Amino acid sequence: KKKEEEKEVIEAKELVARRVVHAKCVNEEMESLKARILLVQTRATQIEEARKRSEERLEKKKKKKEDAAKRRAQEEEDKKTKKNGDRNSFDIKKKKKKK
């Protein structure tokens, strides 16, 4: 009877030891998963920031192109106005000479 009790105690201790080891493993796995989640979140944040910077650069490029196009259009308009202005003044000079 005593040997059976000792055997049960040994089995109970082994069971407790196995459960403790299992709990430690589960805890380590949880910590590992938490670390991976943190890495993924950090990477996601970096990707989002890079995307925003890229969009800002594209917006700046687009605005720069639009400004350049407006400037060129204005320069063309100014050239036409200047030519027409010169013609008009030339025409006025011609008319004055005729008189």
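Student: Report on the overall build of the protein, specifying residues and quantitative values.
Tutor: A tally of helices and strands in the protein yields 1 helix and 0 strands. Sorting the 99 residues of the protein into buried and exposed places 1% on the buried side.

Student: Account for a positive patch on the surface, with residues named and values stated.
Tutor: Taken together, Arg53, Arg57, Lys61 and Lys65 make up a surface patch of like positive charges. Topologically, Lys65 is positioned in helix α1 (residues 2–98).

Student: Go over the pattern of salt bridges with me, naming the residues and quoting the values.
Tutor: The tally for this structure, following the rule as stated, stands at 4 salt bridges. For Arg51, the salt bridge identified is with Glu55, shortest N-O distance 2.5 Å. Here Glu55 and Arg51 lie together in helix α1, a separation of 4 residues that amounts to about one turn. Its relative accessible area of 37% is what places Arg51 among the partly exposed residues. You can call Glu55 partly exposed: its relative accessible area is 42%. Within this structure, Glu48, Arg51 and Glu55 form a network of salt bridges that share partners.

Student: Can you explain a nonpolar patch on the surface? Please cite residues and give values.
Tutor: Together, Val26, Met30 and Leu33 give the surface a local cluster of nonpolar side chains, amounting to about 230 Å² of exposed area. Position of Leu33 relative to the elements: it lies in helix α1. According to the relative accessible area criterion, Leu33 is partly exposed, its value standing at 37%.

Student: Now, about a negative patch on the surface: what can you tell me, with residues and values included?
Tutor: On the surface, Glu4, Glu5, Glu6, Glu8, Glu11 and Glu14 cluster together into a patch of negative charge. Mapped onto the fold, Glu14 is located in helix α1.

Rules used in this analysis
Residues numbered from 1 in each chain as written. Predicted model: local features only at pLDDT ≥ 70, side-chain atom pairs only at ≥ 80, totals over all residues. Heavy atoms only, no water. Helix = DSSP H or I, 4+ residues; strand = E, 2+ residues; numbered from the N terminus. Buried < 20%, exposed > 50% of the residue type's maximum accessible area, 1.4 Å probe, protein only. Patch = residues over 30% accessible without salt bridge, like charges linked within 9 Å, V, L, I, M, F, W, Y side chains within 5 Å. Areas by Shrake-Rupley, 256 points an atom, 1.4 Å probe, with all protein chains shown as cover. Salt bridge = Lys/Arg side-chain N within 4 Å of Asp/Glu carboxyl O. Lys, Arg positive; Asp, Glu negative; His and termini not counted. Charge placed at Lys NZ, Arg CZ, Asp CG, Glu CD.

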